[in-house]
Amino acid sequence: MPYVLQHKTSQQIFTCTQVNHYGLAYYGVKFWPDLEEAEQQFPALLHNIGGLEPDAWHVIELEEGEMKLCNVKMKNDLNLQVFWPPTRKPEVRRLEN
């Protein structure tokens, strides 16, 4: 099961530009296969990406299909954000300019 970051207040799932196993860049959900690895690495990731506050985020577990659905709904679009409410159905919103 993949582990992802969720904003504690807004329920936003953390997304960023990544490289897949084919070496292609894409924009999607950042995940870790291991809980301990996620908990150890996410504070530095948030700091390095843009100075985001680690205390505002926490690690949650999604099923692999749920995480993939989030990525599909993101459409590789940097202007979209994905949110994971308690309904366990992703909500995608366009960034406001």
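Quick notes on the rules
Residues numbered from 1 in each chain as written. Predicted model: local features only at pLDDT ≥ 70, side-chain atom pairs only at ≥ 80, totals over all residues. Heavy atoms only, no water. Buried < 20%, exposed > 50% of the residue type's maximum accessible area, 1.4 Å probe, protein only. Helix = DSSP H or I, 4+ residues; strand = E, 2+ residues; numbered from the N terminus. Pairing = 2+ DSSP bridges. Phe/Tyr/Trp six-rings, centres within 6.5 Å; stacked < 30°, edge-to-face > 60°. Lys NZ or Arg CZ within 6 Å of the ring centre and 35° of its normal.

### Some words on the pairing of strand 1 (residues 3-7)
Burial within strand 1 is extensive, with 5 of its 5 residues counted as buried. Neither face of strand 1 is open: one carries Tyr-3, Leu-5 and His-7, the other Val-4 and Gln-6, and all of them are buried. Examined bridge by bridge, strand 1 and strand 5 (residues 31-32) share 2 bridges and lie antiparallel to one another. Residue pairing for strand 5: Val-4 is matched across the bridge by Phe-31. Bridging between strand 1 and strand 6 (residues 57-61) involves 5 bridges; their strand directions are antiparallel. Opposite Leu-5, over in strand 6, you have Val-59 as the bridge partner.

### Observations regarding the packing of aromatic side chains
If you walk through the whole model with that rule in mind, you get 1 aromatic pair. Their ring planes at 90° and their centres at 5.8 Å tell us that Phe-14 and Trp-57 sit as a pair that is edge-to-face. Residue Phe-14 is located in the loop between strand 2 (12-13) and strand 3 (15-19), and its partner Trp-57 is located in strand 6; the two are separated by 43 residues in the primary sequence. Each member of the pair, Phe-14 as well as Trp-57, carries the same accessibility label: buried. It is Arg-93 that lies over the ring of Phe-83; its NZ or CZ is 3.8 Å from the centre.

### Notes on the pairing of strand 7 (residues 80-83)
Judged by which residues are buried, strand 7 turns out to be covered on both faces: Leu-80 and Val-82 on one side and Gln-81 and Phe-83 on the other are all buried. Here strand 2 pairs with strand 7 via 2 bridges, running antiparallel. What sits directly across from Ile-13, in strand 7, is Val-82. Relative to strand 8 (residues 91-94), strand 7 is paired through 4 bridges, and the arrangement is antiparallel. The partner of Leu-80 across the bridge, within strand 8, is Arg-94.

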